[in-house]
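# Structural features, examined
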Amino acid sequence: MTTPSGRIARAVTALLIVLCAGLGTSDGSLPRRQLKRAVGPSLRPPAGLRVERPRIRRRAPLYAPDRVLVRFRPDVDETYADGLLRSYGFPAVRRIPGIGVYSVRTAAGVSVTETLAMLRRNGDIELARPDYRARLADVPNDPYFLNYQYNLRNRGGILDISPDIQPQTTAGADIKATTAWDVTKGGAETIIAIVDTGVDRTHPELVSKLVSSGHDFANNDDDATDDVWHGTHVAGIAAADTNNAEGIAGVAWNCRILPVKVTDATGDGFYSWIIDGIIWAADHGADVINVSLGGNYPDPFLEDACKYAHDKGAVVVAAAGNDGIALVLYPAAYDAYVLAVAASDYNDEIADFSSFGPEVDVAAPGVWILAPAPQWYVGDGFLPYLFGSGTSMAAPHVAGLAALIKSVKPDLSVDDIMKLIRYTADDINKTAHPGRDDYAGYGRINMTRALAPYILK
Amino acid sequence: MRDGRGGIRGVLASLALGAAIGLAPAQASVAGLKVESLAAGLFYENLSRTVVWKGDTASSKIQASLITARAELGFGKGVVVGLSAGLALTDFKGLTFTSLPVSLQYDAPPLKGFCLGAEAVAPLVKLSEFEISGTGRVVYSFGMSKTWPLEGFAVEGKAAGNSSWVEASLGPRVSYLFFGRVLPYLEVSARWLGAGFEMTETLGDLAGTETKRVRGDFSFSVTLGVDATVTDRVAIKARGGILPFAGGVDSLLSLGVLYKF
């Protein structure tokens, strides 16, 4: 007769055997698959058994799993607050000096959600929040990004343009580009057509970004080389070669540029050239068409061209105009098919030159914007960049954002992209004009709100 | 806001469970099988599964806590069928909806819903002090829905989500009979999970719907459990297990008490 301890030992042995057998058969994968690979491809499992899985990476938690931040109401005494937190049994409580916030380690086995729910029930506590995870935002290594491109990330301070132009800027008066770049930097398959004065095809910030030599409707050839400067500047704002340790950053890092020249050497053009240019761009795969020019007069043919591009799936973005009057230029004024862009400045104020009207959809920075310029234009001894102002400079920010949206959400319709850009804007002049208005439209674009996930709580 | 269908399903589930409990224990028969015993009780279960939703490149967790009322019908030859119904709290943290106009990331408290379950254990062979049984189990959670306001935009917006999931498992159970009233066992189960989460977003006149699915995520679990007869009328059932996957381990836990009629 076996003893009870002997039976238990037998039982444990038996359970281990069952466990090992179970692992060997129910998973049915790892050991066998490794063996079959080792002995050669002829023993691969039949194709019908093959399981393709997406590459799995763990999504990092949004906040610390064992810590919360707490602030008491102003009338709560510090000693009382300390004692109260300790009475909850938190293993560690640390006061962050200066702002009266406590970092609290949650009790073992109690989740952040449960801890927050418990703390929020206490009337002495003003605010209890998760300790959110932070990370380095994607900051390009382009040397002028940090100090000159307030339009993309404004850290406040002086914008040192020249000895006599040194405006004070406001931190945060920007389009929130860096955190949006964490989501996407755009794809090379997304094309932004620059319907303008052409593009400097040799500029180091643009040479690798061009889809082709484009088309010149002023001279009717396939060489859309810029002989003003304007188109080069506009193209660079939208999609300059970025993170190349040179010059500036573009809004849409990886998207490409299709140059379309619709002006002559003086910078003037005709509606027919613009019409041709918009249609040509739409027919040559443009996902976004930037038109940083326009005229005072409505024209049904110009409107038809915009409708054609819109219906072909291109987001058309145009400058509102620089006359500072209640007249939005055409084609920007074609509300159904075109996003009309006003200009804001380094303090999130609307530029006094920015034209206004009910057709204005959004605003974007358009005062002292640093972007590429042809070397021949700036002259020898100068770097091939210049500071430019105008709604012409504002529009390509929006074009770049539209291209980024197209890159990550290719199934969104043109109308939906236009609405998304409008509705995610910051109402920068809400004190004087709350809600949509004729000066900033829905507000200055906010790339992060348009691209980064909204967190449901 | 709970949808009407979820409420109806909950009522039906309650009725089904009530009907099961209402069966006369000794005389009733189900599908020609004679019911020899009946027990009813309450159970708490917790289950976590790491899944990759279709179209995602990152994994996220589905974590569910279930509180159920259960009826167990004992048939001849040791066959036991359990039916359960109750409430479910399911956490979908980390789930993202990137095809909507404004991408959404779920970081909300768990969603409340209902659940229905069925479980069967059938002895197959007895070897000395050991008994090998076949076990099968299915749990269906449904009726989870909620609406969130979308704040900070130029126009008013909201997001509405609703979700359901079903998990089925099948595998052998080896029980050790030596202790009599305390029955420890080991189960190795193949597990299948299907889940769906539909999110609808409205931002002014901009709207979109995205449905995330997990179609047949297979895993396996190793579970240790114990069925303990405390008195002639009262029994406690407990079990805990792990579900290993590449790079981690999920877990399951179940604890319940049954009253035998």
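Definitions and cut-offs
Residues numbered from 1 in each chain as written. Chains lettered and ligands numbered in written order. Predicted model: local features only at pLDDT ≥ 70, side-chain atom pairs only at ≥ 80, totals over all residues. Helix = DSSP H or I, 4+ residues; strand = E, 2+ residues; numbered from the N terminus. Buried ≥ 20, exposed ≤ 12 C-beta atoms within 10 Å, placed from the backbone. Contact = placed C-beta atoms within 7 Å. Axes fitted to C-alpha atoms, helices over the stretch in contact; angles between N-to-C directions. Left-handed = near helix turned anticlockwise from the far one by under 90°. Nonpolar A, V, L, I, M, F, W, Y, C, P; charged D, E, K, R; others polar. Pairing = 2+ DSSP bridges. pLDDT = per-residue confidence, 0-100. Core = buried A, V, L, I, M, F, W, Y, C linked by C-beta atoms within 7 Å. Arc of directions from axis to C-beta. Parallel < 35°, antiparallel > 145°, perpendicular 65-115°, else oblique. Domains from an automatic or database assignment.

Here the focus is the overall build of chain B. Helices and strands together make up the secondary structure of chain B, namely one helix and 14 strands. Counting only residues that meet the buried cut, chain B has 39% of its 261 residues in that class. Put simply, of all contacts in chain B between residues at least 6 apart along the chain, 62% involve residues at least 24 apart.

Assigned secondary structure in chain A consists of 13 helices and 17 strands. Burial statistics for chain A: of 457 residues in total, 47% are counted as buried. Long-range pairs, those at least 24 residues apart, make up 70% of the contacts in chain A between residues at least 6 apart in sequence.

Residues and elements named next belong to chain A. In contact at an axis separation of 7 Å, helix 7 (residues 230-239) and helix 11 (residues 391-408) are set at 35 degrees when each is read in the N-to-C sense. The handedness of the crossing between helix 7 and helix 11 comes out as right-handed. Residue-level inspection shows His230, Val234, Ile237, Ala238 and Ala239 of helix 7 in contact with helix 11, the latter providing Ser392, Met393, Pro396, His397, Ala399 and Gly400. Tallied by class, the residues present in the contact of helix 7 with helix 11 amount to seven nonpolar, four polar and no charged.

What follows covers the sheet that holds strand 7 (residues 104-106) of chain B. Sheet architecture is open: three strands sit in the order 17(A)-7(B)-6(B), paired in mixed fashion. Across the chains shown, the open sheet's two edge strands, defined by having one partner strand only, are strand 17 (454-456) of chain A together with strand 6 (96-97) of chain B.

Further remarks concern the pairing of strand 9 (residues 130-150) of chain B. Along a regular strand, successive side chains alternate from one face of the sheet to the other. Residues and elements named next belong to chain B. In this sheet, strand 9 lies alongside strand 8 (residues 111-127) in antiparallel orientation, the contact comprising 13 bridges. Within the sheet, the bridge partner assigned to Ala122 lies in strand 9 and is Gly134. In textbook terms, the turn of a hairpin is the stretch between consecutive antiparallel strands, and for strand 8 and strand 9 this stretch comprises two residues, one of which, Ser128, has a positive phi near 55 degrees. The pairing of strand 9 with strand 10 (residues 157-176) spans 19 bridges and is classified as antiparallel. In the sheet register, Thr135 faces strand 10, and the bridge partner there is Gly171. Here strand 9 folds back onto strand 10 in antiparallel fashion, the turn holding six residues, of which Gly152 has a positive phi close to 95 degrees.

Residue and element names in this part refer to chain A. With six of six residues buried, strand 14 (residues 360-365) lies mostly within the body of the structure. Here strand 13 (residues 338-344) runs beside strand 14; their pairing, made up of five bridges, is parallel. Across the sheet, residue Ala340 finds its bridge partner in strand 14, namely Val360.

Tracing the chain through its elements places Asp232 of chain B in the loop between strand 12 (206-229) and strand 13 (234-245). On a C-alpha basis, the gap between Asp232 of chain B and Glu129 of chain B in space is 22 Å, while along the polypeptide they are 103 residues apart.

Once that is clear, we can look at the confidence of the model for chain B. Note that predicted coordinates carrying low pLDDT should not be read in detail. All names here are of chain B. Averaged over chain B, the pLDDT score is 87; the fraction of residues at 70 or greater is 87%. pLDDT under 50 marks residues 1-28. Its contacts with residues more than four places away, or in other chains, come to 42 contacts. If you check the scores for this complex, the pTM reads 0.78 and the ipTM reads 0.81.

Residues and elements named next belong to chain A. Ranked by internal contacts, the top residues of the largest apolar core, which has 153 residues, are Ile192, Ile289, Val341 and Val398. The element contributing the most residues to this core is helix 11, with ten residues. Apart from the residues lying within four places of it in its own chain, the contact partners of Ile289 are Ala193, Val195, Ile278, Ala281, Ala282, Ala309, Ala314 and Val316. Counting eleven residues, the second largest nonpolar core, distinct from the first, contains Val68, Phe72, Leu119 and Ile125.

Turning next to helix 7 of chain A. Residues and elements named next belong to chain A. For helix 7, the tally of buried residues reaches ten of ten residues, placing the bulk of the element in the interior. By the burial criterion, the buried members of helix 7 are His230, Gly231, Thr232, His233, Val234, Ala235, Gly236, Ile237, Ala238 and Ala239. Where the residues of helix 7 are buried, they touch strand 8 (191-196), strand 10 (256-261), strand 11 (288-291), strand 15 (369-372), strand 16 (385-388) and helix 11.

Okay, the sheet that holds strand 8 of chain A next. Within the open sheet, the seven strands sit side by side as 9-10-8-11-12-13-14 (chain A). Their pairing is parallel. Edge positions in the sheet fall to strand 9 (215-216) and strand 14 of chain A, since each of these pairs with one other strand and no more.

All names here are of chain A. Listed in full, the buried residues belonging to helix 4 (residues 112-120) are Val112, Thr115 and Leu119. Along the long axis of helix 4, the arc covered by the buried residues comes to 65 degrees, so they all point the same way. Looking at the buried side of helix 4, the elements it contacts are strand 2 (63-72) and strand 5 (125-132).

Attention shifts here to unusual backbone geometry. All names here are of chain A. The omega torsion across Tyr330 and Pro331 is 20 degrees, close enough to zero to call that bond cis. Here Pro331 shows up in the loop between strand 12 (315-319) and strand 13. One non-glycine residue with positive phi stands out, namely Asn220, at about 50 degrees. Among the secondary structure elements, Asn220 is positioned in the loop between strand 9 and helix 7. Residue Asn220 is classed as exposed on the basis of its 9 C-beta neighbours within 10 Å. Positive phi is not limited to glycine here, since Asn243 has a value of about 65 degrees. Residue position: Asn243 is located in the loop between helix 7 and strand 10.

So, on to the packing of helix 8 (residues 271-283) of chain A against helix 9 (residues 300-311) of chain A. All names here are of chain A. Where helix 8 meets helix 9, the closest approach of the two axes is 9 Å, and the angle between their N-to-C directions is 10 degrees. Regarding the angle of helix 8 to helix 9, the classification is roughly parallel. Listed contacts from helix 9 to Tyr271, Ile274, Ile275, Ile278, Ile279, Ala281 and Ala282 of helix 8 are Phe301, Leu302, Ala305, Cys306, Tyr308 and Ala309. The residue inventory of the contact of helix 8 with helix 9, partitioned by class, reads 13 nonpolar, no polar and no charged.

Attention shifts here to the domain arrangement of chain A. For chain A, the assigned domains are domain 1 (63-132) and domain 2 (145-451). The straight-line distance from the C-alpha centre of domain 1 of chain A to that of domain 2 of chain A is 46 Å.

The next subject is the environment of Leu451 of chain A. Residue and element names in this part refer to chain A. Looking at the secondary structure, you find Leu451 in helix 13 (residues 447-451). A residue is classified by how many C-beta atoms lie within 10 Å of it, and Leu451, with 25 of them, is buried. A C-alpha to C-alpha distance of 9.8 Å links Leu451 and Ala177, two positions 274 residues apart in sequence. Residues in contact with Leu451, not counting those within four places in the same chain, are Ala180, Val183, Thr184, Leu404, Ile405 and Val408.

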